[in-house]
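Chain by chain, the residues run as shown.
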Amino acid sequence: MNNIKPTRYEQLIAGATSTEMILNIGPQHPSTHGVLRLEVITDGEIVREVIPHVGYLHRCFEKHAENLTYQQTIPFVDRMDYLASMNNSHAWVMGVERMLGIDKDIPKRIEYIRVLVCELNRIGSHLIALGTYGIDIGAFTPFLWCFRDREHIMNMLEWASGSRMLYNYIWVGGLFYDLPVGFEERCSEFVNYFKPKMVELNELLTGNQIFVSRTANVGILPLDVAINYGCSGPMLRASGLKWDLRRVDEYSVYPEIEFDIPTGKGEMGKIGDCWDRFKVRIDEIGQSVRIIEQCLERLQKDLKRTPDFDPRAKLPKKIIPKAQDFYVRAESPRGELGYYFITDGKTEIPKRVKARAPSFHNLSVISEISRGILIADLIAIIGSVDIVLGELDR
């Protein structure tokens, strides 16, 4: 006799009334940065329940990490959230360095370069989030503008690392290579070019009446719900909580850098709506530009390149941390990215690795904030979450 109890989702599907319809949105790729399927119970145009299904883009990351050395795993870390590869590898590398006890020995120039490339990658990731969100709502021009400016960032990161999206640049104990000669100057040129472009984007989209009508008071995420579901990053900050791991944990050289933490204020609707999530990302780009400017100033003055500087000088020959359970976290463009390590102290290969992907928690709240809305608004809510399926289905 089968004693397996039906899941809550199975009960919801079975309990659909004759006036309700079960609608599949997906599996599809557009606007979700990966393949997502939403099973939606609707009553006409009204959404009664949203059931997200993942598993169409499985990366097997954790099993890769448990069969490779720490240094060999970095290319696979890059492939989780492939829109923010630098941020992924920065978190991974910090965890390994702390387990080895060498995190305080990393030269300041290396730390500032790491923060510089991570913030460039954060801007690039947010530009995709904003551009594709414009398309979700029906605005095509912002998409073209955002991708045009992201192209400059990709060119710079390719110049530094040799790769266009999956960089393998930040290594345990250092970097793959020092910044190319002239990188700082070109990066300064980009900042001067980019600032007025963000003003233009703000004027075009942020206050646009059609855009505001589609996003304000839609998908409102109350702060207590966001906390209970484990949401983080712009999702959490848009609900009003000033929580950024760059400030909370003060890792790398972020304590030496001045920047603000944007939060949702409910300027166009209620705090925690789709518009607030969009606005937090816009404001975060401005703060990342501030961080980049400060990094460039240090790298061009007291942390200038010297002929004898070797970014691989601190690379350990063998990476064998002592036996321990260790958790490290960092602020990726989507929120708290964490790695949980279990090591046995005998080999260069971890016994167990668990990745805590922010997209997984951020997507899980979809059903909570989508009940009673129109189907068109569901698309606006999904876009405002800014998920990347590569890390969600890791």
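You'll find the structure just up there.
Scope of this entry: the structure provided in the associated data block.

Scoring rules and cut-offs
Residues numbered from 1 in each chain as written. Predicted model: local features only at pLDDT ≥ 70, side-chain atom pairs only at ≥ 80, totals over all residues. Heavy atoms only, no water. Pairing = 2+ DSSP bridges. Helix = DSSP H or I, 4+ residues; strand = E, 2+ residues; numbered from the N terminus. Axes fitted to C-alpha atoms, helices over the stretch in contact; angles between N-to-C directions. Buried < 20%, exposed > 50% of the residue type's maximum accessible area, 1.4 Å probe, protein only. Arc of directions from axis to C-beta. Contact = heavy atoms within 4.5 Å. Patch = residues over 30% accessible without salt bridge, like charges linked within 9 Å, V, L, I, M, F, W, Y side chains within 5 Å. Areas by Shrake-Rupley, 256 points an atom, 1.4 Å probe, with all protein chains shown as cover. Salt bridge = Lys/Arg side-chain N within 4 Å of Asp/Glu carboxyl O. 1 Å grid on protein atoms, 1.4 Å probe; cavity = no way out; pocket = protein on both sides within 12 Å on 5 of 7 lines; lining within 4 Å. Points joined across faces, edges and corners; volume = space filled by probe spheres on them. Nonpolar A, V, L, I, M, F, W, Y, C, P; charged D, E, K, R; others polar.

### A look at the sheet that holds strand β7 (residues 335–343)
Then step 1. Reading across from one edge, β6-β7-β8 is the order of the three strands in this open sheet, with antiparallel pairing throughout. Every interior strand has two partners, whereas the edge strands, β6 (324–332) and β8 (352–356), have only one. Direction aside, the axes of adjacent strands within the sheet are offset by 15° on average.
Then step 2. Taken together, the five bridges between β7 and β8 define a ladder with antiparallel strand orientation. Bridging from a neighbouring strand, F341 pairs with V353 of β8.

### A short note on helix α3 (residues 70–78)
Then step 1. Along α3, the positions that sit buried rather than exposed are Y70, T73, I74, V77 and D78. Buried residues of α3, seen end-on, are gathered within an arc of 145° and therefore sit on one face of the element.
Then step 2. Its buried side turned inward, α3 meets α2 (61–65), α4 (85–100), β4 (170–171) and β7.

### Points about a nonpolar patch on the surface
Then step 1. Together, I135, F140 and L144 make up an exposed nonpolar region whose accessible area comes to about 290 Å².
Then step 2. Among the structural elements, F140 can be located in the loop between α5 (108–137) and α6 (141–161).
Then step 3. Exposure remark for F140: the relative accessible area of 53% places this residue in the exposed category.

### Regarding empty space enclosed by the protein
Then step 1. Following the criterion strictly, the structure yields five cavities of 30 Å³ or more and no others.
Then step 2. Quantified by volume, the largest cavity comes out at close to 70 Å³.
Then step 3. In this structure, the largest cavity is lined by Y82, L83, N121, G124, R150, I153, M154, L157, R164, M165 and Y167.
Then step 4. Contributions of two or more residues to the lining of the largest cavity are made by α5 and α6.
Then step 5. Residues belonging to the lining of the largest cavity are distributed by class as follows: seven nonpolar, two polar and two charged.

### Here's the deal with the environment of I41
Then step 1. Along the polypeptide, I41 turns up in strand β2 (residues 36–43).
Then step 2. With relative accessibility at 3%, the residue I41 sits in the buried group.
Then step 3. Along the chain, I41 and I22 lie 19 residues apart, while their C-alpha atoms are 4.6 Å from each other.
Then step 4. Ignoring anything within four residues of it in the chain, the contact list for I41 reads L12, I13, E20, M21, I22, I46, V47, R48 and E49.

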